[in-house]
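Secondary and tertiary structure notes
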Amino acid sequence: MPSFSPQTTAAGPGARTSTAPAAAAEVRPYDALLLYSFGGPNKPEDVVPFLRNVTVGKGIPDSRLEEVGEHYYGFGGKSPINEQNLALKAALEEELASRGIDLPVVWGNRNWEPYTRDAVEQLAGAGAQRVVALVTSAFSSYSGCRQYREDLALTLDARGELGPDGSTGIQFDKVRSYFNHPGFAQANIDAVLEGYEALAAKGGDVAEARLVFVTHSIPLTMEAASRISHATYSRQHLDLARVVAEEVSARLGHEVEWNLTFCSRSGPPAQPWLEPDVNDHLESLAADDVTNVVLSPIGFVSDHMEVAYDLDTEAMETASRLGITAVRAGTVGTRAPFVAGLVDLVLERAAIARDEKFTEAVVGELGPFRSVCAPDCCLRRDGEPSGIPALCSTDLHR
């Protein structure tokens, strides 16, 4: 367990004081959990159709998608994300069962099989009436939150189940963005400490090693739009990074210098995105005679393609070329603190749905994010409403 002290925020009108309800009955009113993810191809023939789904509406020709697909073809045309989602689903089921909670877990993806529509059909077939959604993105932004809520609304609309006030079929809620939940923080701390152990095993200088946090870059206009959620996407990462770095420093017995960097930039070169790119940052570190680095993919839940290619392949090649001894820390994956924290978040959301008082556990300085989003929260472009309904918000609550 962390030596850092999680902050807590009381909410709700009742009298609960625990960080999350513990009894099996306290999952009410939910009768299912939707594990909601990005998706990825399972074989080479899937790659271009998958990328068409990801880039729909952007007018990108298949020839360009084939070029982008080389990342996937280099791994046999198969993304690791689907197996990782199945592992997380199994871990959630095990954690729920260990607490005596009977809550079926259904998996669905925005961009590949099983699609959102498949998951909703499965839920409907099982008779689910109210479902809590858990997105496999810890941070709040268009790509990490609103796009999932829009996809869910569009799926319900295609089923003829979206009215002016939300769903007329299954009712959906979601857990809050969980980047600053103690379980996510602890799992990242554990992973980084293991990274320093791996560096030492390679003969690296742990005392001198720089800690480089890495997350997915987004356009600056999306970054600006994310501030409506509570704090911008980059500030969310910086808040968590400080928590992780401080605890790692305490455990190692010396102050660890750290930086936040970005990867997976796409789009036209003229469009500004969050920087620095992790490879450019490694160049800067080498220029400053830094020769030991631990890379922490703090922005990613599992070792999917951005981690496997952008970090394990590209960034490691950059580090090797520069003479830097580098190791990549793990993602939170199915680590016990992370999985337990996700179940705590589900039970916290159930308490909100029951309008009971509870305590929201967080680390860092930002406090808990909303589980019911504000109108126009996390738009794709700042100040430009998409015109697409999004579930789990105050303007379309259900």
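Residues numbered from 1 in each chain as written. Predicted model: local features only at pLDDT ≥ 70, side-chain atom pairs only at ≥ 80, totals over all residues. Heavy atoms only, no water.

Comments concerning the overall build of the protein
Helix and strand counts for the protein stand at 12 helices and 12 strands. For the protein, whose C-alpha radius of gyration is 21 Å, the value lies close to the compact-globule estimate of 21 Å for 398 residues. Expressed as lengths along the three principal axes of its C-alpha atoms, the size of the protein is roughly 60 × 50 × 40 Å. Across the 398 residues in the protein, those meeting the buried criterion constitute 55%. Counting only contacts in the protein whose residues sit at least 6 apart along the sequence, the fraction spanning at least 24 positions is 81%. With an accessible surface of roughly 16200 Å², the protein has 49% of that area assigned to carbon and sulfur atoms. One finds the centroid of the 34 positive side-chain charges in the protein at a distance of 5 Å from the centroid of its 55 negative side-chain charges. (Helix = DSSP H or I, 4+ residues; strand = E, 2+ residues; numbered from the N terminus. Rg over C-alpha atoms; globule rule 2.2 N^0.38 Å. Buried < 20%, exposed > 50% of the residue type's maximum accessible area, 1.4 Å probe, protein only. Contact = heavy atoms within 4.5 Å. Areas by Shrake-Rupley, 256 points an atom, 1.4 Å probe, with all protein chains shown as cover. Lys, Arg positive; Asp, Glu negative; His and termini not counted. Charge placed at Lys NZ, Arg CZ, Asp CG, Glu CD.)

As for the nonpolar core
In this structure, Leu 92, Tyr 178, Phe 184, Tyr 196 and Phe 338 are the most contacted members of the largest nonpolar core, which totals 62 residues. In this structure, Phe 338 is in contact with Leu 88, Tyr 178, Gly 183, Phe 184, Ala 187, Val 301, Val 332 and Gly 333, ignoring residues within four places of it in sequence. With 19 residues, the next largest nonpolar core counts Tyr 36, Ala 128, Leu 152 and Cys 392 among its residues. (Core = buried A, V, L, I, M, F, W, Y, C linked by side-chain atoms within 4.5 Å.)

Quick notes on the UniProt feature "binding site: Fe-coproporphyrin III" (unreviewed entry) in the protein
Residues annotated by UniProt as "binding site: Fe-coproporphyrin III" (unreviewed entry) correspond here to Ser 79 and Tyr 148. Checked against the element boundaries, Ser 79 lands in the loop between α3 (70-73) and α4 (81-98). Leave out the neighbours within four places in its chain, and Ser 79 touches Gly 40, Pro 41, Tyr 72 and Met 305. Inspection of the secondary structure assignment puts Tyr 148 in helix α6 (residues 142-158). Excluding anything up to four places from it in sequence, Tyr 148 contacts Tyr 36, Ser 37, Phe 38, Arg 110, Val 135 and Ser 143. Engagement of the side chain of Tyr 148 in a polar contact is seen with the backbone nitrogen of Phe 38, the distance being 3.4 Å. (UniProt positions renumbered as here; feature names shortened; annotations may be inferred. Polar contact = N/O pair within 3.5 Å; in protein donor to acceptor, adjacent residues only side chain to side chain.)

Some details on the UniProt feature "binding site: Fe(2+)" (unreviewed entry) in the protein
According to UniProt, the positions carrying the feature "binding site: Fe(2+)" (unreviewed entry) are His 216 and Glu 306. In summary, the annotated positions, though distributed over 91 residues, converge in three dimensions, the widest C-alpha pair being only 8.0 Å. If we ignore the near neighbours within four places in the chain, the residues touching His 216 are Tyr 233, Phe 262, Cys 263, Ser 264, Phe 300 and Glu 306. By secondary structure assignment, the location of Glu 306 is in helix α11 (residues 305-321). A distance of 2.8 Å separates a polar atom in the side chain of Glu 306 from a polar atom in the side chain of His 304.

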